[in-house]
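Here are the chains, one letter per residue:
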Amino acid sequence: MVKVYVDLREKASHVPRYLIEMGVSVIYKQLEVGDYMVTEDTVIERKRVDDLAHSVFEGRFFDQVRRLRASGLRTFILVEGDLMYLRRVTSRYRAVEAALVTAVIYNNIPVIYTRNAKHTAETIKLIAEKLQATRRTPALALFPTYRKQQKPKEQDLSEWQLYVLASFPGIGPTLADRLLRKFGSLRAVLEASPVELSRVEGVSEEKAQLIKHILDYPYSKKHEGVGGGLERFYGKEHVKK
């Protein structure tokens, strides 16, 4: 089943209801950036045309774009409604068009256009299906493996914390930094519950459970090997030999 995390502020819109009607598993969560998270590293910022115009005129749009880019996540801006409407109601419509062009050219954020809330839900579901399908691969392939960073200098304890945390499956330097900033220390991150970890942007419930599984798994010299341990976590049929 396709799963989409929806920001709590989107509850009032019709989009989540349409997603549920289309068979999507909708999970409400306070997202740090974006309105819809379709994978652990991909978010969609939804803008109705009227809201888009207000955010551009009030200067909020570029702050949002900067936060999206700084998040380190793959991001999309989804514009819902008819942009031609702005030409009929304001002489400043070109400022909105220029803002969208800036997002694409200078911030590398793709812009997608939809007609209405139902079309938005259809588009979000399609994006989620495409991206989640590519990730239905065996075991640790679900989580990217990051190139090991050079060991930090002995006295740089913060860098050591990043180094240790980034070694977990799917936890690269960017997400490790986000977790450490959220919890304050490496110990606090490792002692956090899966529920607490999954509240952090980029940490799915499955990834949080895997972190705990690695921490609690009994070590033995005559261990089963990586594949054996993962079989217990994922099921034998999902582990590549």
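K.L.:
Explanation requested: the overall build of the chain in the structure shown.
P.N.:
Of regular secondary structure, the chain possesses twelve helices and six strands. Taking the contacts inside the chain whose residues are at least 6 apart along the sequence as the reference set, 61% of them involve residues at least 24 apart.

K.L.:
Looking at this structure, how should I read the nonpolar core?
P.N.:
One broad trend across soluble globular proteins is that nonpolar side chains are buried collectively. Judged by nonpolar contacts, the single largest core of 24 residues is most densely connected at L52, F61, I77, V79 and L83. Elements supplying a minimum of two residues to this core: α2 (49-57), α3 (60-70), β5 (74-80) and α5 (93-105). Here the element with the most residues in this core is α5; it accounts for five residues. Beyond its immediate chain neighbours, meaning those up to four positions away, V79 contacts K47, V49, L52, L100, V111, I112, Y113 and T114.

K.L.:
Looking at this structure, how should I read the packing of aromatic side chains?
P.N.:
Each pair of aromatic rings is reported with the distance of its centres and the angle of its planes. For the structure shown, the criterion picks out two aromatic pairs. Judged by centre distance (5.5 Å) and plane angle (80°), the ring pair of F61 and F62 falls under edge-to-face. On the numbers, 5.4 Å between centres and 80° between planes, the contact of W160 with Y163 is edge-to-face. In this pair, W160 and Y163 both sit in helix α7 (residues 157-165), three residues apart, roughly one turn of the helix. On the basis of relative accessible area, Y163 is assigned to the buried category, the value being 16%. The aromatic ring of Y28 is capped on one face by K11, whose charged end is 4.8 Å from the ring centroid. Against the face of F57 rests R92, its NZ or CZ located 4.1 Å from the ring centre.

K.L.:
Would you take a moment to explain the side chain of S55 for this structure?
P.N.:
One can find S55 in helix α2. Under the relative-accessibility criterion, S55 is labelled buried at 0%. A distance of 2.8 Å separates the side chain of S55 from the backbone oxygen of L52, its partner in a polar contact. For S55, the contacting residues outside a window of four places in its chain are K47, R60, F61 and Q64.

K.L.:
Which parts of the structure should I look at to understand a nonpolar patch on the surface?
P.N.:
A cluster of nonpolar side chains, V101, V104, I105 and Y106, forms an exposed patch at the surface whose accessible area comes to about 400 Å². Position of I105 among the secondary structure elements: in helix α5.

K.L.:
Would you take a moment to explain the side chain of K212 for this structure?
P.N.:
Looking at the secondary structure, you find K212 in helix α11 (residues 205-216). D216 provides the closest opposite charge to the buried, salt-bridge-free K212, at an N-O distance of 6.5 Å. Residues in contact with K212, not counting those within four places in the same chain, are V189, L190, E191, A192, S193, P194 and L197.

K.L.:
Where do I start with the confidence of the model for the chain in this structure?
P.N.:
Per-residue confidence for the chain gives a mean pLDDT of 84; residues scoring 70 or more make up 82%. Taken together, the stretch residues 137-148 has pLDDT below 50 and engages in 34 contacts with residues farther than four places along the chain or on a different chain.

K.L.:
Is there a simple way to think about the pairing of strand β3 (residues 36-39) in this case?
P.N.:
Remark: a regular strand shows side chains that alternate across the two faces of the sheet. Pairing of strand β1 (residues 3-7) with β3, which is carried by two bridges, proceeds in the antiparallel orientation. In the strand pairing of β3, Y5 is matched with M37. With three bridges connecting them, β3 and strand β4 (residues 42-48) associate as antiparallel partners. Bridge pairing in β4 links Y36 to I44.

K.L.:
What's the story with the sheet that holds β1 in this structure? I'm lost.
P.N.:
Taken in spatial order, the six strands make up an open sheet running β2-β1-β3-β4-β5-β6, and their pairing is mixed. Looking at strand neighbours, the two that pair on one side only are β2 (25-29) and β6 (111-114), the edges of this open sheet. Shown here is a sheet whose adjacent strand axes are inclined to one another by a mean of 30°, direction ignored. By the bridge criterion, five bridges tie β1 to β2 in an arrangement that is parallel.

K.L.:
For this particular structure, what's the right way to read α3?
P.N.:
Within α3, the full set of buried residues consists of F61, Q64, V65 and L68. Here the buried residues of α3 occupy an arc of 100° about the axis, which is enough to place them on one side. Count one or two residues on from α3 and you reach G72, which has phi positive near 80°.

K.L.:
When you look at the environment of R66 in this model, what are you seeing that I'm missing?
P.N.:
Tracing the sequence through the fold places R66 in helix α3. In the structure, R66 is positioned 41 residues away from N107 in sequence and 8.1 Å away in space, judged by C-alpha atoms. Among the polar contacts made by the side chain of R66, one reaches the side chain of D63 at a distance of 2.4 Å.

Conventions we followed
All chains use their own residue numbering, which begins from 1 and follows the written sequence. Local features in this predicted model are restricted to residues whose pLDDT is 70 or higher, and side-chain atom pairs enter the listing and the counts only when it is 80 or higher, whereas totals over whole chains, interfaces and linings include all residues. To get the side-chain values, all heavy atoms of the structure are used, and hydrogens and water are removed first. Put simply, DSSP H or I for four residues or longer makes a helix, DSSP E for two residues or longer makes a strand, and each gets a number counted from the N terminus. In what follows, residue pairs with any heavy atoms lying within 4.5 Å of each other are defined as contacts. Take the buried residues of types Ala, Val, Leu, Ile, Met, Phe, Trp, Tyr and Cys, join any two whose side-chain atoms come within 4.5 Å, and each joined set is a nonpolar core. When a residue's accessible area, from a 1.4 Å probe over protein chains only, is under 20% of the maximum for its type it is buried; when over 50% it is exposed; and in between it is partly exposed. Working definition: rings of Phe, Tyr and Trp (its six-membered ring) pair if their centres are within 6.5 Å, and the pair is stacked with planes under 30 degrees apart, edge-to-face with planes over 60 apart, and tilted otherwise. The rule for a charge over a ring is simple: NZ of Lys or CZ of Arg within 6 Å of the ring centre, and within 35 degrees of the ring normal. Pairs of N or O atoms are called polar contacts if they sit within 3.5 Å, as long as, within protein, a hydrogen donor faces a hydrogen acceptor (for residues adjacent in sequence, only side-chain-to-side-chain pairs). Patches draw on residues past 30% relative accessible area with no salt bridge. Two like charges within 9 Å are joined, as are two nonpolar side chains (Val, Leu, Ile, Met, Phe, Trp, Tyr) within 5 Å. Surface accessibility in these figures is a Shrake-Rupley result with a 1.4 Å probe; residues are shielded only by whichever protein chains are displayed. The salt bridge criterion pairs a side-chain nitrogen of Lys or Arg with a carboxyl oxygen of Asp or Glu, the two atoms within 4 Å. We count Lys and Arg on the positive side and Asp and Glu on the negative side, and we leave His and both chain ends out. Confidence scores per residue from the predictor, reported as pLDDT, run from 0 to 100. Strands are labelled as partners when DSSP assigns at least two bridges between them. As a rule, the C-alpha atoms of each element are fitted with a line to give its axis, helices using only the stretch in contact, and angles between N-to-C directions run from 0 to 180 degrees. The directions considered for the arc run from the helix axis to the C-beta atoms.

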